[in-house]
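A look at the structure
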Amino acid sequence: MQRNVKYLVCHELRRMPISLLVSGIIYAIGGFFTGGILVSAQELQDERAIQLIQQFTSDWMMLCLATSLGFAFTKDYLDYFRTDAFSRRTAFYRKLPLTNREIVVARHVILLITVVPMSVCFHIPAYLIIRLGSLATGIEYLGAAVSWLGISLLAGAGYIYLELGFSGRKYLVYTMLALGIALVLLTGLGFMGIFLVGGSFQLVRNYHAWPPVLSVLAGAAGMWFVAKKTVRRLNVRDLL
């Protein structure tokens, strides 16, 4: 199994250097603007409505980018809903002496490899801007970033489940549905005065290392559970 997984991982990584570079730049720009929006929101003490909108916007940007940090945006992600590129790639792998479990494990290894440099690209610009605004210390931001890593792992596993388990069109539809649900939840939390980015800083201030540790453990456990579901889904999926 280890040899086959290594083959798949190396095969995919050889296609990704330029995509990783471009994705890193995109994430860095996203981190810069996310931090900037959050800092400007904190400065609007007399404009409560605008402050809430900007806090909501920074939460939305953080959620959308953090949940995709395990991916390098190759050309397949630009038109998979038309070409069904992921299904065709999985069908090709099935013609090789590979098991579905090996295919799923390799895809998750790539997620783990990718999430680290992409997280660095995203969080460093965000931290530099937030630190200029004195919203969080280095330790507080590091704890919050690790907390978001748990979300990245769980969401990444969910995307892999959709990528391997469904056609390109269904992948797109389910992704849009998930984003719609997230938007509704963020709106509801915002009306209650609960914001994810600021709240993650506060949790680290109050409980120190516990929030990031528990988040990563929960994310890893969820990733393992979703991976098992992905294998079962792939076992019954007809790719003909």
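These lines cover the structure that appears in this document, whether it is placed above or below.

Cut-offs used in this document
Residues numbered from 1 in each chain as written. Predicted model: local features only at pLDDT ≥ 70, side-chain atom pairs only at ≥ 80, totals over all residues. Heavy atoms only, no water. Patch = residues over 30% accessible without salt bridge, like charges linked within 9 Å, V, L, I, M, F, W, Y side chains within 5 Å. Areas by Shrake-Rupley, 256 points an atom, 1.4 Å probe, with all protein chains shown as cover. Salt bridge = Lys/Arg side-chain N within 4 Å of Asp/Glu carboxyl O. Helix = DSSP H or I, 4+ residues; strand = E, 2+ residues; numbered from the N terminus. Buried < 20%, exposed > 50% of the residue type's maximum accessible area, 1.4 Å probe, protein only. Polar contact = N/O pair within 3.5 Å; in protein donor to acceptor, adjacent residues only side chain to side chain. Expected span 1.5 Å × (residues − 1). Contact = heavy atoms within 4.5 Å. Axes fitted to C-alpha atoms, helices over the stretch in contact; angles between N-to-C directions. Parallel < 35°, antiparallel > 145°, perpendicular 65-115°, else oblique. Nonpolar A, V, L, I, M, F, W, Y, C, P; charged D, E, K, R; others polar.

A grouping of Leu203, Tyr207, Trp210, Val213, Leu214 and Leu217 is seen on the molecular surface, where their side chains present a nonpolar patch of about 650 Å² in accessible area. If you list the elements that add at least two residues to the nonpolar patch, you get helix H9 (196-207) and helix H10 (210-236). Per-element tally for the nonpolar patch: the top contributor is H10, with 4 residues. Within the fold, Tyr207 resides in helix H9. According to the relative accessible area criterion, Tyr207 is partly exposed, its value standing at 49%.

Of note, Glu12 is situated in helix H1 (residues 2-13). Using a relative accessible area of 8% as the deciding quantity, one classes Glu12 as buried. Side-chain polar atoms of Glu12 contact the side chain of Arg15, separated by 3.0 Å. Of note is the side chain of Glu12, whose polar atom sits 2.4 Å from the side chain of Tyr93.

Between its terminal C-alpha atoms helix H8 (residues 168-191) stretches 35 Å, which fits the 34 Å expected from 24 residues at 1.5 Å a residue. All buried positions along H8 are accounted for by Gly168, Tyr171, Thr175, Ala182, Leu186 and Gly190. The secondary structure elements touched by the buried residues of H8 are helix H3 (48-66), helix H4 (76-83), helix H5 (85-94), helix H7 (138-165) and H9. Residue Gly193 follows H8 closely and has a positive phi angle near 80°.

Running from N to C, H4 and H8 point in directions that differ by 115°, and their axes come no closer than 6 Å. Comparing the axis directions of H4 and H8 gives the class roughly perpendicular. On the side of H4, the interface is formed by Tyr77, Tyr80 and Phe81, while H8 contributes Gly168, Arg169, Tyr171 and Leu172. Of the residues contributing to the contact of H4 with H8, the split by class is 5 nonpolar, 1 polar and 1 charged.

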